[in-house]
4 protein chains.
Amino acid sequence: MVRIGVIGYGYWGPNLVRNFTECAGATVVAIGDASPERLALAHRRMPSARGAASAAELIRDPEVDAVVIATPVPTHFELAAAALAAGKHVFVEKPLTTNSEQARRLIDLAEKRRLALMTGHVFVYSGAVRKINDLIQANDLGELLYYDSVRINLGLFQKELDVMWDLAVHDLAILDHIWKAAPVAVSATGVKHFSGHAEDIAYLTVFYADNSIAHVHVNWLAPVKIRRTLICGSRKMVVYDDVETAEKVRVYDKGVSIAHSPEAEHQMRVNYRAGDMFAPHLDNAEALRAEAQEFIASIEQGRKPLTDGEAGLRVVSILEAASKSVTMRGGVVELNGDRKAAI
Amino acid sequence: MVRIGVIGYGYWGPNLVRNFTECAGATVVAIGDASPERLALAHRRMPSARGAASAAELIRDPEVDAVVIATPVPTHFELAAAALAAGKHVFVEKPLTTNSEQARRLIDLAEKRRLALMTGHVFVYSGAVRKINDLIQANDLGELLYYDSVRINLGLFQKELDVMWDLAVHDLAILDHIWKAAPVAVSATGVKHFSGHAEDIAYLTVFYADNSIAHVHVNWLAPVKIRRTLICGSRKMVVYDDVETAEKVRVYDKGVSIAHSPEAEHQMRVNYRAGDMFAPHLDNAEALRAEAQEFIASIEQGRKPLTDGEAGLRVVSILEAASKSVTMRGGVVELNGDRKAAI
Amino acid sequence: MVRIGVIGYGYWGPNLVRNFTECAGATVVAIGDASPERLALAHRRMPSARGAASAAELIRDPEVDAVVIATPVPTHFELAAAALAAGKHVFVEKPLTTNSEQARRLIDLAEKRRLALMTGHVFVYSGAVRKINDLIQANDLGELLYYDSVRINLGLFQKELDVMWDLAVHDLAILDHIWKAAPVAVSATGVKHFSGHAEDIAYLTVFYADNSIAHVHVNWLAPVKIRRTLICGSRKMVVYDDVETAEKVRVYDKGVSIAHSPEAEHQMRVNYRAGDMFAPHLDNAEALRAEAQEFIASIEQGRKPLTDGEAGLRVVSILEAASKSVTMRGGVVELNGDRKAAI
Amino acid sequence: MVRIGVIGYGYWGPNLVRNFTECAGATVVAIGDASPERLALAHRRMPSARGAASAAELIRDPEVDAVVIATPVPTHFELAAAALAAGKHVFVEKPLTTNSEQARRLIDLAEKRRLALMTGHVFVYSGAVRKINDLIQANDLGELLYYDSVRINLGLFQKELDVMWDLAVHDLAILDHIWKAAPVAVSATGVKHFSGHAEDIAYLTVFYADNSIAHVHVNWLAPVKIRRTLICGSRKMVVYDDVETAEKVRVYDKGVSIAHSPEAEHQMRVNYRAGDMFAPHLDNAEALRAEAQEFIASIEQGRKPLTDGEAGLRVVSILEAASKSVTMRGGVVELNGDRKAAI
């Protein structure tokens, strides 16, 4: 039985507590939050878990085997490093850290102490992304051509981190898991509409080694909530709409080939197959449950979790490059290391 | 009565012929197309119009007062220049030319000969864009923050020109008409998925002098047809969905202000008004009809049309910069001249 | 070459003229309309067809082999009877006549003179209905349980005939073609909101011999246009949305079985398979073209058309019963004859 | 402080417990359920509430002031009668009872003992229905013409009660609250597809004294979930889509007037205003919270709740008539009493 301590009982923490509680092999023994109100709320809901008024108190608790960190991103590194130094397995919400240097240090710490370090890339565990990954791994889509995602709504503004660190992190985590080629460069544009704050709208292009491309539009200032991703292969194309309650994933049996048009010297007509569309039945289990289970399993089996510290680092590296590109109004930033090995 | 000759009876030409025919003050007297089949089709439908086997023949026809050019883009300049040289008023489909130098020369030619030169920026004449423009000019939206457009489908590939010249041209024409600030720089990314052809997917960011931003996603390889534009103001936000048959324009009475959150040091909560949404009734008249009427009116009144050669030049200048930026994987390109004067 | 004369050049007539013109084996030689304006319009578009100022003139024209009737429903019987009496093949728009007695007389007339009599049940020829019919005939849906259709919009009001004769006729024509069992009784309710006019909203239930049921909601007073049909089988369920531009037909791999719930004495939980959904690719050819072709083929081959006079009679019989039921506020009306033989 | 005892901790009971717990002026002191598992679950979540293994035990508990009944419908009458006899205020989930005779007896019991009797017509308390009611009461819609509702999905089957008692009850409760005229007669059709069970699909028409009409389509066998209501007035029309997450209520500024068409003797063209559509901002508070608050307020103030026993009776009377009409395949059933007084 892995004894879990959760730090941060704000927006996301209660979801983690609930899922680790109902996860076989785990028990939540401690909850930490600096706010007395939230600690009291946690106690009413989970009287069996000890309340810790400080992260340090929870981290040094000898009855805690693993620490789950659901605090604001700028605090991730310090808390995770302290927990690893105290010999605890660590689960950190995404993004792992605020820069790649910190991520690398956490990875090193975990490796030295042979502790699990997991990044909470929760979409990787969703039924929709797992189905899309199955389609890609089975080569049903053919050669991957592009990934295009729109992830916008009227959202929480953050002080230090721009909107990409809040929302594009989901797409970069998904791409890190499903995309075959390695990312090689990034271009991003964005705007700060409110002085003193980070970019609230941004557009991020990732270039891959195989000439494929990924683009993500993230936005805290949109009047409508959109979560729609197009994944285009040479054989089939997927539309993944996470706002839909049914048929989130639609697979279009469409493919194109280029032919010279007899009609016009200057145009080539796309010859496309327009076949059936199908929407596969998805596993509706909560992604967070599967994610919690993976953390516990990695501890029990002494192996790296599916979304480990390296995955967290790779995603942070791209975010870091993107934020740099934004300051150059789209100027390209090469990704020199930290990249996923080409498959 | 303005006597019209139309060059090009392919995909778009028949629509122009039909609309100029039904336009008060105009009559279509000649139709030119290099293809005998298309010329025969034009004759069956419009026996009263002379068929011209070559553009040159139509241009020198003394009974033609004005030439309408609906041929592939690379031929626009030569045909338009010849028609102006022959003393004809000229209407050219968008984009006006393949580069800004050509556009400038057409403008000069038209000015010297005191002839009308119009660019077929058809969306400017649609009920939806006119309504949006009314909202902006009446300052209903407040300060403009961003314009975001997705214009994708499984489309015609072109040999010489990338997908931006085919699809983003619509958004740039709309922006040229409705946006208050002047564009100052461009960053664009894109990919050629088929060797020997132009980019089939592209992302274009336009930076404006007032810190607002426009972004356009254009794509010939999408399994679904999307035509959706978000226009965000500090007071209200618009969603314009051109695929909808009803309520194409929706106005959201939403606005944001930033406040420090008492809950979290690292976050600021958006305080937003979530008021009514309304979808104004739109004029459903065909945009092309209004466009044709504007060309005729500009000739009759000896004035510049609403979407004149300068508008065509400004749009071409941005496309030119965008295509250059794509080769630099997003590297910013400043727009030095040709810009719309700040309002 | 079948020489066609079309009577009625109002809303629907021009579509029939266009499609018979482009139909192999047919030529439109005459167009009749009582309105000089419409006759003039027909002439401008089709100078090769003679204009007839009266139906009688067109019917006695010896160069007309077949008469196509697209006039208001109350005139159908008289015109069709006259045309058959004059030895012409006859195509009549739906509904065939205003009562079943008239329909039977047209059938008798056609049989005696060995002439083709076709009813314009156009939806039977659409790609969507043909695909649904294929699914049913292949027994993919299992046992048919119900058909439910909503066909509403802000529409044309008619003087003599209620909204069912205008809109439910489409569903009854589809049902006549695809449904396996024979209709045995009808119940309908409706309201006349405008004095002196027929019902503008109506609800029609058809009971079938095999315990299946069909229901149609038709309405001229709806603020939105809906054309959505559910077809439920014991194995699969279909949603056919004719307003959609893509994926009009969606097939849900869902089925139910009833099991006693261990949880509650008074409830049984539906055990349902929730499998994939798929949207088959449809033939996008115009239904009207296939319909015109069927009329010509039936004449050339001396056989009955797919939607013959009997089909027209069966649909009219149900409409007749439904209008009678409306006056009894839903009182059931048995269908005694004219029914489709059980398959 | 009103001390609440909740009987039934199955599907809906936990929602009632949660809302009465968070409701000012109320405290949940006892929860009853015959299932030991559910009682244990209730205890884990609400250790402060006593668990009662039988309804009788809870009803005779002197510390319970008011009993909330969330058990299967056939048990409602007996439990409510016992609770009223024991001097408790009573809240009963909808439908109030399985027949109007029982409903009348509960009303009499409550009146004699001067106790509150409330029916859980929850939709009446939703932001959407309250907004629609405001529009109607302010006469914004004009004269009411029809109400049309589709309420379908793959649902729970019930043994004794047909689908109308499960789903149409919501629409009848809404109509009882918002409609101006009194219902005078009912016609309903439906089918039992599974032997030994009640109707799983039904269509219900309610005729009102002012020539308006209401129709409800309810269905446990639909592949898609639809909750869409049209409310048509002579001035404006409402579409209320409860599946939408945003803009549930849309108001169309459309109205019709009938004019004789110059074009056709047999048709009259609808002259309709096609004005703006607007979607008013709705109060997103949980309807169940407002409902709970109303029960408490009615007890505290010694007045009848908004949805009292009479409202429950009126709805049950229509359901009773509808079930009778179904056995006559749509034969009309007059509503003789129990009707809402015309306004």
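Here the structure is a predicted model, which is why all the values come from computation and not from measurement.

(A) Highlighting the sheet that holds strand β5 (residues 89-93) of chain B. Residue and element names in this part refer to chain B. Taken in spatial order, the six strands make up an open sheet running β3-β2-β1-β4-β5-β6, and their pairing is parallel. Looking at the sheet topology across the chains shown, the edges are occupied by β3 (50-52) and β6 (117-120). Shown here is a sheet whose adjacent strand axes are inclined to one another by a mean of 25°, direction ignored. One ladder, built from six bridges, connects strand β1 (residues 2-7) with strand β2 (residues 26-32); its direction is parallel. Note on β2: the bridge partner recorded for Val-6 is Ile-31. Those strands touched by helix α1 (residues 13-21) are β1, β2, β4 (66-69) and β5, and its axis lies near 155° from that of β2.

(B) Spatial organisation of the domain arrangement of chain A. Residue and element names in this part refer to chain A. The assigned domain composition of chain A is domain 1 (2-122 + 288-305) and domain 2 (124-284 + 317-334). Look at where the C-alpha atoms of domain 1 and domain 2 centre, and you get two points 30 Å apart. Interface area, domain 1 with domain 2, both sides summed: about 1,100 Å², of which 67% is carbon and sulfur. In this assembly, domain 1 and domain 2 are joined by zero salt bridges. At the surface where domain 1 touches domain 2, the tally comes to four residue pairs in polar contact (both at pLDDT 80 or more). When grouped by side-chain class, the residues that make up the side of domain 1 that touches domain 2 number six nonpolar, five polar and three charged.

(C) How the structure looks around the packing of helix α5 (residues 100-112) of chain B against helix α9 (residues 309-327) of chain B. Residues and elements named next belong to chain B. Relative orientation of the contacting elements α5 and α9 amounts to 170°, with a least axis distance of 9 Å. Classed by the angle they form, the pair α5 and α9 counts as roughly antiparallel. Counting all contacts with α5, which are made through Ser-100, Ala-103, Arg-104 and Ile-107, the residues of α9 involved are Gly-309, Glu-310, Leu-313, Val-316, Ser-317 and Glu-320.

(D) Up close: the interface of chain C and chain D. Each partner contributes to the interface: chain C provides 62 residues, whereas chain D provides 62 residues. Our enumeration of links across chain C and chain D arrives at two salt bridges. Between C:Glu334 and D:Arg329 there is a salt bridge; the shortest N-O distance is 2.4 Å. Taken together, chain C and chain D are joined by 19 residue pairs in polar contact (both at pLDDT 80 or more). Per-element accounting of the side of chain C that touches chain D gives the leading share, eight residues, to strand β12 (residues 221-233) of chain C. Of the residues belonging to the side of chain C that touches chain D, the class tally is 32 nonpolar, 18 polar and twelve charged.

(E) Quick peek at the side chain of D:His217. Tracing the sequence through the fold places D:His217 in strand β11 (residues 213-219). A polar atom in the side chain of D:His217 sits 3.5 Å from the side chain of C:Asp148. In terms of polar contacts, D:His217 uses its side chain to reach the side chain of D:Tyr203, at 3.5 Å. Aside from chain neighbours lying at most four places away, what touches D:His217 is C:Asp148, D:Ser149, D:Val150, D:Arg151, D:Ile152, D:Ile201, D:Ala202 and D:Tyr203.

(F) The arrangement of the pattern of salt bridges in detail. One pass over the structure, following the stated rule, counts 64 salt bridges over all chains. The residue D:Glu294 makes a salt bridge to D:Arg303 at a minimum N-O spacing of 2.8 Å. By relative accessible area, which is 31% here, D:Arg303 ends up partly exposed. When salt bridges that share partners are traced, they join A:Arg50, A:Asp61 and A:Glu63 into one network.

(G) Molecular detail of the relation of the copies chain C and chain D. Laying chain C over chain D is done by rotating through 180° and shifting 0.0 Å along the axis; what remains is an RMSD of 0.0 Å. On this basis, the relationship between the two copies can be described by a two-fold rotation axis. Closest approach to the rotation axis among the C-alpha atoms of chain C is made by C:Gly331, whose C-alpha sits 2.1 Å away.

(H) Expanded view of the packing of aromatic side chains. In this structure the tally under the stated criterion is 24 aromatic pairs over all chains. Ring centres of A:Phe20 and A:Phe91 lie 6.0 Å apart, and the angle between their planes is 85°; on these two criteria the pair is classed as edge-to-face. Pair noted here: A:Phe20 is in helix α1 (residues 13-21) and A:Phe91 is in strand β5 (residues 89-93), with a separation of 71 residues, a long-range link. Residue classification places A:Phe91 among the buried positions, given a relative accessible area of 0%. Taken together, a centroid distance of 6.0 Å and an interplanar angle of 45° make the contact between B:Trp179 and B:Tyr208 tilted. Of the two residues, B:Trp179 is situated in the loop between α7 (163-178) and β9 (183-191) and B:Tyr208 in strand β10 (residues 201-208); the sequence distance between them amounts to 29 residues. Residue classification places B:Trp179 among the buried positions, given a relative accessible area of 1%. Each residue in the set A:Phe20, A:Phe91 and A:Phe295 is aromatic and connected to the rest through ring pairs, giving one cluster. Over the ring of D:Phe207 we find C:Arg329; its NZ or CZ atom is 5.7 Å from the centre of that ring.

(I) Main features of the interface of chain B and chain A. Contacts between the two partners involve 62 residues from chain B, matched on the other side by 62 residues from chain A. Connecting chain B to chain A are two salt bridges. Inspection of the region where chain B meets chain A yields 19 residue pairs in polar contact (both at pLDDT 80 or more). In terms of residue count, the dominant contributor to the side of chain B that touches chain A is strand β12 (residues 221-233) of chain B (eight residues). A class-by-class count of the residues in the side of chain B that touches chain A yields 32 nonpolar, 18 polar and twelve charged.

(J) Highlighting the confidence of the model for chain A. Per-residue pLDDT for chain A averages 92, and the proportion of residues at 70 or more is 93%. Here residues 338-343 of chain A is a poorly scored stretch, pLDDT under 50, and it has 21 contacts once near neighbours within four places are set aside; other chains count.

(K) Examining the sheet that holds strand β1 (residues 2-7) of chain A more closely. Residue and element names in this part refer to chain A. Spatial ordering of the open sheet is given by β3-β2-β1-β4-β5-β6, a layout of six strands whose pairing is parallel. Since the sheet does not close on itself, it has two edges, and those belong to β3 (50-52) and β6 (117-120), each with one partner. The mean angle between the axes of side-by-side strands here comes to 25°, regardless of whether they run parallel or antiparallel. Helix-sheet contacts for helix α4 (residues 76-85) involve β1, β4 (66-69) and β5, and the interaxial angle to β5 is about 170°.

Parameters and conventions
- Residues numbered from 1 in each chain as written.
- Chains lettered and ligands numbered in written order.
- Predicted model: local features only at pLDDT ≥ 70, side-chain atom pairs only at ≥ 80, totals over all residues.
- Heavy atoms only, no water.
- Pairing = 2+ DSSP bridges.
- Helix = DSSP H or I, 4+ residues; strand = E, 2+ residues; numbered from the N terminus.
- Axes fitted to C-alpha atoms, helices over the stretch in contact; angles between N-to-C directions.
- Contact = heavy atoms within 4.5 Å.
- Domains from an automatic or database assignment.
- Buried area = accessible area lost by both parts, 1.4 Å probe.
- Salt bridge = Lys/Arg side-chain N within 4 Å of Asp/Glu carboxyl O.
- Polar contact = N/O pair within 3.5 Å; in protein donor to acceptor, adjacent residues only side chain to side chain.
- Nonpolar A, V, L, I, M, F, W, Y, C, P; charged D, E, K, R; others polar.
- Parallel < 35°, antiparallel > 145°, perpendicular 65-115°, else oblique.
- Buried < 20%, exposed > 50% of the residue type's maximum accessible area, 1.4 Å probe, protein only.
- Least-squares fit on C-alpha atoms with pLDDT ≥ 70 in both.
- Phe/Tyr/Trp six-rings, centres within 6.5 Å; stacked < 30°, edge-to-face > 60°.
- Lys NZ or Arg CZ within 6 Å of the ring centre and 35° of its normal.
- pLDDT = per-residue confidence, 0-100.

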